[in-house]
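Residue strings, one per chain:
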Amino acid sequence: MSVIREELSARLGSEAAAWLDAALADARAAAPPDQDPAEPPARDTASPDSPAPEPPARDATSRRSVPAWELRFAAAGRVCAGPEAAEAARVLLLRTARPSAAAVARLYDHGSGAERRAVLLALPHLPLTPAQGVALVEDALRANDTRLVAAAVGPYAAAHLPAHAWRHAVLKCLFTQVPLAAVAGLTDRARGDGELARMLADFAAERTAAARPVPDDLHHVLAFALAAKEA
């Protein structure tokens, strides 16, 4: 998921765009000083009739010392027009704030499904160790929320999920009817994977024996798994 601030601002109304400016200012204020935030400050393109942007909360913190950007992260669903815009705003906030592993885990553990999905989508851009990121991916893969499963099998999983867990993630998508097109790097990781081929064939046989349809995309991936690895 590529999030470009200017594109998101253009999709928002003037009040929501001003809110986004203030939210990203809070996130920049909270970002580690030795790392550049993911998004530079936007050029001032507001018209004279646009409402003034909200100022960042003092010291970028608010009640109970929760960083102000985290409060805005939770509020995005109420402010932004539609779930896609709210998701994009949350991912931008995460990329800009570059929070610690503890903060990321807190946002994920206490977040709604939509907030957890944003964390998963932002993982490639966050300063986490592979073990820390994979723990979140594996948790999402245990869920029955198909939107979380789809987010969990994105580029971060393609890069860091161990082979055994990745194979089971593919099967999870088939079980939950998440299109395998959601699995990032699928053809590269599946090619020549004999164990994945066996698991897919077993799954197809079980579905056939139960007189249940076999997902069409299973055969596509099975062909890659049966193919020889490229030298």
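Right, let's walk through the structure included here. Predicted model only: the values in this text are computed from it and were never measured.

Cut-offs applied
Residues numbered from 1 in each chain as written. Predicted model: local features only at pLDDT ≥ 70, side-chain atom pairs only at ≥ 80, totals over all residues. Heavy atoms only, no water. Salt bridge = Lys/Arg side-chain N within 4 Å of Asp/Glu carboxyl O. Buried < 20%, exposed > 50% of the residue type's maximum accessible area, 1.4 Å probe, protein only. Helix = DSSP H or I, 4+ residues; strand = E, 2+ residues; numbered from the N terminus. Contact = heavy atoms within 4.5 Å. Core = buried A, V, L, I, M, F, W, Y, C linked by side-chain atoms within 4.5 Å. Phe/Tyr/Trp six-rings, centres within 6.5 Å; stacked < 30°, edge-to-face > 60°. Lys NZ or Arg CZ within 6 Å of the ring centre and 35° of its normal.

## Observations regarding the pattern of salt bridges
Moving on, step 1. Counting across every chain of the model gives 10 salt bridges.
Moving on, step 2. For Arg142, the salt bridge is made with Asp139, and the minimal N-O distance between the two is 3.6 Å.
Moving on, step 3. Classification of Arg142 as exposed rests on a relative accessible area of 58%.
Moving on, step 4. Since its relative accessible area comes to 27%, Asp139 is described here as partly exposed.
Moving on, step 5. Connected via shared salt-bridge partners are Glu87, Arg117 and Arg147.

## Notes on the environment of Leu200
Moving on, step 1. By the element assignment, Leu200 lies in helix α12 (residues 194–209).
Moving on, step 2. Since its relative accessible area comes to 0%, Leu200 is described here as buried.
Moving on, step 3. Linking Leu200 and Leu222, residues 22 residues apart in sequence, is a C-alpha distance of 6.5 Å.
Moving on, step 4. Dropping the residues within four chain positions of it, Leu200 is found in contact with Val170, Leu171, Leu174, Leu218, Val221 and Leu222.

## Some thoughts on the nonpolar core
Moving on, step 1. Core analysis: the largest hydrophobic core is formed by 72 residues, its most contacted members being Leu120, Leu161, Leu196 and Leu200.
Moving on, step 2. Ranked by the residues each element gives to this core, the list is headed by helix α4 (residues 83–97), at 9 residues.

## Some thoughts on the packing of aromatic side chains
Moving on, step 1. The final tally for this structure, using the stated rule, is 2 aromatic pairs.
Moving on, step 2. Between Trp69 and Phe73 the ring centres are 6.3 Å apart and the planes differ by 80°, which places this aromatic pair in the edge-to-face class. Of this pair, Trp69 and Phe73 are both found in helix α3 (residues 68–79), 4 residues apart, which corresponds to roughly one turn of the helix.
Moving on, step 3. For Phe73, a relative accessible area of 1% gives the class buried.
Moving on, step 4. Measuring from centroid to centroid gives 4.9 Å for Phe175 and Phe203, while their planes differ by 85°, and the two rings are edge-to-face. With Phe175 in helix α10 (residues 163–176) and Phe203 in helix α12, the pair connects residues that are 28 residues apart, well separated along the chain.
Moving on, step 5. Phe175 gets classed as exposed once you look at its relative accessible area, which sits at 56%.
Moving on, step 6. Over the ring of Phe73 we find Arg90; its NZ or CZ atom is 5.7 Å from the centre of that ring.
Moving on, step 7. In this structure, Arg116 is placed above the aromatic ring of Tyr108, and the distance from its NZ or CZ to the ring centre is 4.6 Å.

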